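One letter stands for each residue in the lines below.
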Amino acid sequence: MSGYFIAGTDTGVGKTRATAGLLRGLVELGLQPRGMKPVSAGGNEDATMIAAVTGQIADDVNLNPYNLAEPLSPHIAAENAGICIDIKRICTAYAALTAESGIVLVEGAGGWLSPISDDQTMADIAVALRLPVLLVVGLRLGCLNHALLTAQAIRASGLALAGWLGSQPQRGFAASEANLRTLSQWLGSTPLAVLPWQPDTSRDAGIFKPAARQLARQCKLLDR
């Protein structure tokens, strides 16, 4: 195992914040992780956030093989641009990153089954890379159904749900704690981290350290 696929229950739930935070935690452990955004739509802001942590170059084709201009579902943005998203190209880019680092975090786009073509979804990328999945759950009304359906779909794909993170994408969701308890029961584990609502992510330092250490141990990059 050389990495993890970061999936979300929906778009805008904090996948990039989680990916960048976990990468920063790994860097603080003295490791040299790599990040990857196989498909972006609407610019490469996510890749830029990842690169700022790892020292990669945001427009490197290995970090971001497909950077689509329009902020639409990837399959629509790709069709409008006359591009066919090739999973083999993504796998080649991932292999190049694993040659540089012992751990690569791959951030998906949208939700688990967001289409990337007429007959493939983000899930097909994760399956092709054969990576265990970390699920970012946006803590808001409807998140229980979204999280449980996504976890079910991940396992049905033959991949392991290696853990999950709770994220508050909006201010003042009163049922956050109750939802975290329910998710812990139904998903079978407590969250690796809980990301409070805060627009300034520079204050995230410390939230991700325990989770990053756990991931590094699982990848056999740390003894303890």
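Keep in mind that what you see is a predicted model, and the values were worked out from it rather than measured. (Residues numbered from 1 in each chain as written. Predicted model: local features only at pLDDT ≥ 70, side-chain atom pairs only at ≥ 80, totals over all residues. Heavy atoms only, no water.)

A closer look at the pattern of salt bridges
Under the convention used in this document: Salt bridge, as used here, is a side-chain nitrogen of Lys or Arg placed within 4 Å of a carboxyl oxygen of Asp or Glu. Think of it this way: any DSSP run of H or I at least four residues long counts as a helix, any run of E at least two long counts as a strand, and we number them from the N terminus. Burial here depends on accessible area, computed with a 1.4 Å probe over protein chains only, as a share of the maximum for the residue type. Under 20% is buried, over 50% is exposed, and the range in between is partly exposed.
According to the stated counting rule, one finds five salt bridges in the structure shown. Across the pair D10 and R140 runs a salt bridge whose closest N-O atoms are separated by 3.4 Å. With a gap of 130 residues between them, D10 in the loop between β1 (3-8) and α1 (15-28) and R140 in the loop between β6 (133-138) and α6 (143-156) connect regions that are remote in the sequence. Its relative accessible area of 22% is what places R140 among the partly exposed residues. Taking the shortest distance from any N to any O, the salt bridge between D46 and K37 comes out at 3.0 Å. The exposure class assigned to D46 is partly exposed, which follows from its relative accessible area of 22%. Residue classification places K37 among the buried residues on the basis of a relative accessible area of 3%.

Side note on the pairing of strand β7 (residues 161-167)
The side chains of a regular strand alternate, first on one face of the sheet and then on the other. To be explicit about the condition: Paired strands are those between which DSSP finds at least two bridges. When the strands point away from the viewer and the connection leading from the first strand across the helix to the second strand turns clockwise, the crossover is called right-handed.
Most of β7 sits out of view: six of its seven residues are buried. Relative to β7, β6 runs parallel, the two sharing six bridges. Bridged to V133 within β7 is L161. With respect to chirality, the unit in which β6 leads through α6 into the neighbouring parallel β7 is right-handed. Sheet topology note: the β7/strand β8 (residues 193-195) ladder contains three bridges and is parallel. Within β8, the position partnered with S167 by the bridge is L195. At this point the chain moves from β7, through helix α7 (residues 176-187), to the parallel β8, and the crossover so formed is right-handed.

A closer look at a negative patch on the surface
Operational definition: To count toward a patch, a residue needs a relative accessible area over 30% and no salt bridge; like charges are then connected within 9 Å, while nonpolar side chains (Val, Leu, Ile, Met, Phe, Trp, Tyr) are connected within 5 Å. With residues, only the protein chains shown are counted as cover, and all accessible areas are computed by Shrake-Rupley using a 1.4 Å probe. Charged-residue counts in this description rest on Lys and Arg as positive and Asp and Glu as negative, His and the chain ends being excluded. In plain terms, the charge of a residue is placed at NZ if it is Lys, CZ if Arg, CG if Asp and CD if Glu.
Together, E79, D118, D119 and D124 line one region of the surface with negative charge. Summarising the element assignment, D118 is placed in the loop between β5 (104-107) and α5 (122-129). Overall, D118 belongs to the exposed group, its relative accessible area being 79%.

Here we look at the sheet that holds β1
Under the convention used in this document: Between N-to-C directions, angles span 0 to 180 degrees; the directions come from axes that are lines fitted to C-alpha atoms, helices contributing only their stretch in contact. When checking whether two residues touch, look at their non-hydrogen atoms; a contact exists if any pair is within 4.5 Å.
Spatial strand order, β2-β5-β1-β6-β7-β8: six strands in an open sheet with parallel pairing. Every interior strand has two partners, whereas the edge strands, β2 (34-36) and β8, have only one. Looking at each pair of strands side by side, their axes are set apart by 25 degrees on average, direction ignored. Sheet contacts for helix α4 (residues 87-98): β1, β2 and β5; angle to β2, the most-contacted strand, approximately 170 degrees. Most of the contacts of α6 go to β6, to which it runs at about 165 degrees, and overall it touches β1, β6 and β7.

Examining the nonpolar core
Formally: Note on terminology: a nonpolar core comprises buried Ala, Val, Leu, Ile, Met, Phe, Trp, Tyr and Cys residues joined through side-chain atoms within 4.5 Å.
Counting 40 residues, the largest nonpolar core has F5, M36, I85, V106, W112, I125 and V137 as the members making the most contacts within it. Leaving out residues up to four positions away in the same chain, V106 has contacts with Y4, F5, I6, M36, P38, Y94, L129 and L131. One finds I50, V53, L105 and A211 within the second-largest nonpolar core, a separate group that totals 29 residues.

Digging into the packing of aromatic side chains
Defined as follows: Centres within 6.5 Å make a pair out of two Phe, Tyr or Trp rings, where for Trp the six-membered ring is used; the pair is then stacked when the planes are under 30 degrees apart, edge-to-face when over 60, and tilted otherwise. By definition, being over a ring means that NZ of Lys or CZ of Arg is both within 6 Å of the ring centre and within 35 degrees of the ring normal.
Enumeration according to the criterion identifies one aromatic pair in this entry. Between F5 and W112 the ring centres are 6.0 Å apart and the planes differ by 85 degrees, which places this aromatic pair in the edge-to-face class. Highlighted residues: F5 in strand β1 and W112 in the loop between β5 and α5, separated in sequence by 107 residues. When sorted by exposure, F5 lands in the same class as W112, which is buried. For R89, the ring lying beneath its charged end belongs to Y66, and the centroid distance is 4.4 Å.

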